[in-house]
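# Chain and residue survey
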Amino acid sequence: MRTGVVPSAAYHDVPYTRGGTVEHREVGVLVRSAVDGDAAAWKAIVEGLGPLVWSVVRAHRLSDADAHEVYQTVWFRFAQHLGRIREPEKAGSWLASTARHECLKVHRNARRLMLTDDPNLLDRVSEDGTPEQSLLDAEEAAARSESVRRLWQEFEELGERCRQLLRVLIASPPPSYQEVSAALDIAVGSIGPLRQRCLRRLRARLEARGAT
Amino acid sequence: MNDRNAMDDVHAVDDATDATDDAGRDDGVGTGLLEEELRQAAAVLDPLPPALLQVAVDAYALHDLDARVAELTFDSLVDALPVRGATDVPRMLTFSAGEVTLDVEVSAQGLMGQVLPPRPVRIEVLGGPRASVALTADDMGRFSAGTAPAGPFALRLRTGDEVVTTEWLRA
């Protein structure tokens, strides 16, 4: 179960911007088109919402192997249910909530295995294939890489609740609060205030470290 | 971390509205910018692996309007108490689609199960858009495979002219 990690690639030109974005109001239209056999619509859905599913999986701190399998399971199930989803415009929430449930199952299973033989439960995010090589070409890039790495490290060391919320919020394209709510099972109304608080906390950590 | 100068951030607007919590004096622009920096960091340090993007694109092939979906109605991982100290506890799953029930047990020894009401059916163990293993259920509806599915799987049953597929799950 721990094998078959798909190698990541090509970090240097990873788009984080809105390329391939699915506007949320368009999701319903795309889902209906995909039901009718439009493969391009399906691809647009995957490109727009795949990062959200990935963020939810990462927010739950799964090992790489588990994360990959949960990600696939969610999309296989979505394809299977495509024509039966009652509110196509909420496909993002459907995906986020399905991902959350599968992540929780992984944790349950892990707790069980912990009684026996698995010391690698909380596999940290793998350091394999971190993209720093591609950023180290120039000095400027190196400095930038260092600041990005520092930011990420402080983020990783935030309290679990904040880390989880922010990891979902920073999916690209940014998810709607409805989707965040489905991903973490928290009320939509509490997301804004929590987000503020967590980002302030992160900034305070960075300032304390003199990283600003 | 220049958190006070940039005004052109996408979240500046909604920050202005939700920055009233806590002390109520936080500058929303700063947190919005910080969120965007974090988003960029995630895109560099923890991006969706391109191979996974492709897997999801290919998953469109699993879209099948003609198959009935047998929903998961029991999962020992969720619905049963853990057996303390027991090693290799099989995962028990039950799927239902109308009158058809499918009991499945997955363990290190493999996969076995039974279709109810009993009937001889052809069964495929699907492992993704392309991979599948063919099995046959006997007159009692029983079937087995010597290897457990690694990763996501679903069972596709063909009985008469009907096709039933179990919800995708991770073994």
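None of the values given here were measured: they were computed from a predicted structure. (Residues numbered from 1 in each chain as written. Chains lettered and ligands numbered in written order. Predicted model: local features only at pLDDT ≥ 70, side-chain atom pairs only at ≥ 80, totals over all residues.)

On to the overall build of chain A, then. Within chain A one finds 9 helices and 0 strands. Tracing chain A from N to C terminus, the helices and strands come up as α-α-α-α-α-α-α-α-α. Counting all 212 residues of chain A, 43% fall into the buried class. Summarising the internal contacts of chain A: among those between residues at least 6 apart in sequence, 69% fall at separations of at least 24. (Helix = DSSP H or I, 4+ residues; strand = E, 2+ residues; numbered from the N terminus. Buried ≥ 20, exposed ≤ 12 C-beta atoms within 10 Å, placed from the backbone. Contact = placed C-beta atoms within 7 Å.)

We now examine helix α3 (residues 50-58) of chain B. Looking at α3(B), one finds that the buried residues are L52(B), L53(B), V55(B) and A56(B). Relative to the axis of α3(B), the buried residues are bounded by an arc of 160° and lie together on one face. Next to the buried residues of α3(B) lie α2 (39-59) and α3 (64-81) of chain A. (Arc of directions from axis to C-beta.)

It is worth spelling out the nonpolar core at this point. Formed by 89 residues in total, the largest nonpolar core has its most connected members in I45(A), V53(A), V56(A), V57(A), L95(A) and A99(A). The biggest single contributor to this core is α2(A), with 12 residues. Mapped onto the domain boundaries, this core takes at least three residues apiece from domain 1 (12-47) and domain 2 (60-170) of chain B. (Core = buried A, V, L, I, M, F, W, Y, C linked by C-beta atoms within 7 Å. Domains from an automatic or database assignment.)

Now for the confidence of the model for chain B. For residues with low pLDDT, the predicted coordinates do not support detailed interpretation. For chain B, the average pLDDT comes to 82, and 79% of its residues sit at 70 or higher. This complex was scored by the predictor with a pTM of 0.79 and an ipTM of 0.81. (pLDDT = per-residue confidence, 0-100.)

What follows covers unusual backbone geometry. The residue after S172(A), namely P173(A), is reached through a cis peptide bond having omega 5°. Residue placement: P173(A) occurs in the loop between α7 (160-169) and α8 (177-184). The linkage connecting L116(B) with the following residue, P117(B), adopts the cis geometry, with an omega of -10°. Within the chain, R61(A) stands out as a residue other than glycine whose phi angle is a positive 55°.

Residues and elements named next belong to chain A. Residues with a pLDDT of 70 or more make up 73% of chain A, whose mean pLDDT is 81. Counting contacts from residues 1-21, a segment whose pLDDT is below 50, to residues more than four positions away or on other chains yields 35 contacts. Scored below 50 in pLDDT, residues 115-130 makes 16 contacts in the model with residues more than four places away or belonging to other chains.

Below, the discussion takes up α2(A). Residue and element names in this part refer to chain A. With 21 residues, α2 extends 29 Å from end C-alpha to end C-alpha; this agrees with the ideal 30 Å at 1.5 Å per step. A bend of about 40° at L49 is the largest found in α2, and the proline P51 appears one to four places after it. Among the 21 residues in α2, 17 count as buried, and that is most of the element. Note on α2: the residue one or two positions beyond its end, R61, has a positive phi of about 55°. (Expected span 1.5 Å × (residues − 1). Bend = angle between axes of the 7 residues up to and from the residue.)

Let us now look at the environment of R122(B). Residues and elements named next belong to chain B. Mapped onto the elements of the fold, R122 is located in strand β5 (residues 122-126). Residue classification places R122 among the partly exposed positions, given that 13 C-beta atoms sit within 10 Å. Measuring from C-alpha to C-alpha, the distance between R122 and G141 comes to 9.9 Å, with 19 residues separating the pair along the chain. Residues contacting R122, with those up to four places away along its chain left out, are A134, T136 and R158.

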